[in-house]
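Notes for the structure review
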Amino acid sequence: MIPLSGPDIGEREKELVLEVLQSGHLGLGPKAVEFERMMAAYAGTKYAISCNSGTSGLHMLVRAMGISDGDEVITTPFSFVASSNCVLFERAKPVFVDIDEATYNMDVSQIEAKITERTKAILPVHVFGQPANMTEIRRIADKYNLRIIEDSCEAIGAKWKGKSAGSLGDAGVFAFYPNKQLTTGEGGIVVTDDEELANLCFSLRNQGRGENGLWLDHVRLGYNYRMDELSAALGVAQMERVDEILSRRAKVADLYFEKLREVPGIILPQSVADADVSWFVYVIRFAEHLNRDEIMVSLSKEGIGCRPYFTPIHLQPFYKEQFGFQEGDFPVTEHVAKGTLAIPFFTNMTEAQVDGVVEALKRHVL
Ligand SMILES: *Cc1c(COP(=O)(O)O)cnc(C)c1O
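Residues numbered from 1 in each chain as written. Predicted model: local features only at pLDDT ≥ 70, side-chain atom pairs only at ≥ 80, totals over all residues. Heavy atoms only, no water.

Some words on the pattern of salt bridges
Under the criterion given, the structure shown has 25 salt bridges. When the shortest N-O distance is used, the salt bridge between D355 and K259 registers 2.9 Å. Placement of the pair is D355 in helix 12 (residues 351–365) and K259 in helix 8 (residues 242–260), with a sequence separation of 96 residues. Within the structure, one salt-bridge network assembled from shared partners comprises E112, E136, R139 and K143. (Salt bridge = Lys/Arg side-chain N within 4 Å of Asp/Glu carboxyl O. Helix = DSSP H or I, 4+ residues; strand = E, 2+ residues; numbered from the N terminus.)

Shown next as structure tokens:
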């Protein structure tokens, strides 16, 4: 059995979580503040606002930017559903652009044609840890006076032209679900240089409490999106060795590249020169003559974890129902999504496990 993913939890994680348990301070507290400091320093931003999921981080930014009823946000259909749902939470509309077939990120050449009077923001997703073309997205946003929310939930440590994912837009979000590069159990964090956005997020995550106000003063409609101290302790322990975690993952990716390079019918991940990838998942794509779904079922039967990343957002049942999207609306996304498969990938994956996956794949494609 080789799982699709799994968290890397060591002694330090257990030590810090136990410390929190013994402190008796389990709600919003000092560990979250420490985690925020580490994360702001790492991303190179002035502020970091911890929260209880990546989805809540994205939602707070949509709210904090005043995006609401009927406003439009330009984004990608090739992503996890939360990157669009966060726009729907405020009754605004996600406007999709198709993707680039090599990087699977938004095709930036199609953005300008989608801008209308209602467009308020661009929401790029650094899919699978591969940074989107932020130079071009920034140029377009500046030209049309749009805001940028970077969904960096899969991209902690990724860089575009040497600058951290999450620090290139108006604000970015990282996520820490157990299958991500780093985990806090459930958790997320917003990073930004914008003081106003930061203050709004601090308030929104904490039931709309005012900046220096009292615990029972609520100055706006807010949420309970706080990160608990147990999660923050995990986050601190993971951040202490973030470089080691990311470089181990890069080594596993290198092993796959080396061993799968010569296998016909398998298309490997591709990136551009300006991008430093942070490895979230390792997603291969089968050439058209191979049946991804059949191979997936066989691999699963052999105990090899795999999943079709992603089903396009516009083809999710409730998006079709609500917006009338159909097959053919975003042809590149749909073509890519039919062939992609995430294969086992995690920080402590051994070469023997990589070999097991590679041998199984070869049996099915050769
Ligand atoms: C994981 C993820 C999120 C947020 O996930 P949560 O489970 O809410 O932490 C958002 N966008 C993308 C692209 C993701 O992969």
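Let's talk about the domain arrangement of the chain
Structurally, the chain comprises domain 1 (11–240) and domain 2 (242–365). On a C-alpha basis, the centres of domain 1 and domain 2 stand 24 Å from each other. Contacts between the two partners involve 43 residues from domain 1, matched on the other side by 37 residues from domain 2. Summing the contributions of domain 1 and of domain 2, the shared interface buries around 3,400 Å²; its carbon and sulfur component is 64%. Taken together, the links from domain 1 to domain 2 amount to one salt bridge. In this structure, R285 engages E101 in a salt bridge whose closest nitrogen and oxygen atoms are separated by 3.5 Å. (Domains from an automatic or database assignment. Contact = heavy atoms within 4.5 Å. Buried area = accessible area lost by both parts, 1.4 Å probe.)

Section: the sheet that holds strand 7 (residues 163–164)
Pairing between the strands of a sheet is mediated by backbone hydrogen bonds and can be parallel or antiparallel. The strand order 7-6-11 describes an open sheet built from three strands, whose pairing is antiparallel. At either end of the open sheet lies a strand with only one pairing partner, and these are strand 7 and strand 11 (275–276). Here strand 6 (residues 159–160) pairs with strand 11 via two bridges, running antiparallel. Paired with W160 across the bridge in strand 11 is A275. (Pairing = 2+ DSSP bridges.)

Thoughts on the side chain of S56
Turning to its location among the elements, S56 is positioned in helix 3 (residues 54–64). One polar contact links S56 to N52, side chain to side chain, over a distance of 2.5 Å. In this structure the side chain of S56 is engaged in a polar contact, spanning 2.7 Å, whose partner is the side chain of S53. With residues near it in sequence (within four places) discarded, S56 still touches C51 and Y225. (Polar contact = N/O pair within 3.5 Å; in protein donor to acceptor, adjacent residues only side chain to side chain.)

Digging into the sheet that holds strand 13 (residues 340–343)
Spatially, the three strands line up as an open sheet ordered 10-12-13, and their pairing is antiparallel. One side of each edge strand has no neighbouring strand; the edge strands of this open sheet are strand 10 (266–267) and strand 13. Here two bridges tie strand 10 to strand 12 (residues 282–286), and the two strands are oriented antiparallel to one another. If you follow I267 over to strand 12, its bridge partner there is R285. Here helix 8 sits on the sheet in contact with strand 10, strand 12 and strand 13, set at roughly 25° to strand 12. Across the sheet, helix 9 (residues 292–301) lies against strand 12 and strand 13, angled at about 20° from strand 13, the strand it touches most. (Axes fitted to C-alpha atoms, helices over the stretch in contact; angles between N-to-C directions.)

Focus: the site of the ligand
Lining the immediate environment of the ligand, one finds 14 residues, of which G54, T55, D151, E154 and K180 sit closest. G54 places a main-chain nitrogen or oxygen 2.8 Å from an oxygen atom of the ligand. Alone, the ligand offers 380 Å² of accessible surface; in the complex the protein occludes 92% of this. By residue number, the principal contributor to the shell around the ligand is helix 3, which donates three residues. (Near = heavy atom within 4 Å. Areas by Shrake-Rupley, 256 points an atom, 1.4 Å probe, with all protein chains shown as cover.)

Some details on the environment of M349
Tracing the chain through its elements places M349 in the loop between strand 13 and helix 12. Under the relative-accessibility criterion, M349 is labelled buried at 6%. As for M349 and S5, which are separated by 344 residues in sequence, their C-alpha atoms are 9.1 Å apart. Excluding anything up to four places from it in sequence, M349 contacts I2, V252, Y256, P344, V354 and V357. (Buried < 20%, exposed > 50% of the residue type's maximum accessible area, 1.4 Å probe, protein only.)

A word on the state of the cysteines
Counted by the stated rule, this structure contains zero disulfides. The thiol of C201 is not disulfide-bonded; the next cysteine sulfur, from C51, is found 8.0 Å away. For C201, a relative accessible area of 0% gives the class buried. (Disulfide = S-S within 2.5 Å.)

Observations regarding helix 3
Burial within helix 3 is extensive, with nine of its eleven residues counted as buried. For helix 3, the set of buried residues is G54, S56, G57, L58, H59, M60, L61, V62 and A64. Close packing links the buried residues of helix 3 with strand 1 (47–51), helix 4 (82–88), strand 5 (147–151), strand 8 (171–175), strand 9 (188–192) and helix 6 (195–204). One side-chain oxygen of the residue at the start of helix 3 lies 3.3 Å from the amide nitrogen of T55, identifying that residue as S53.

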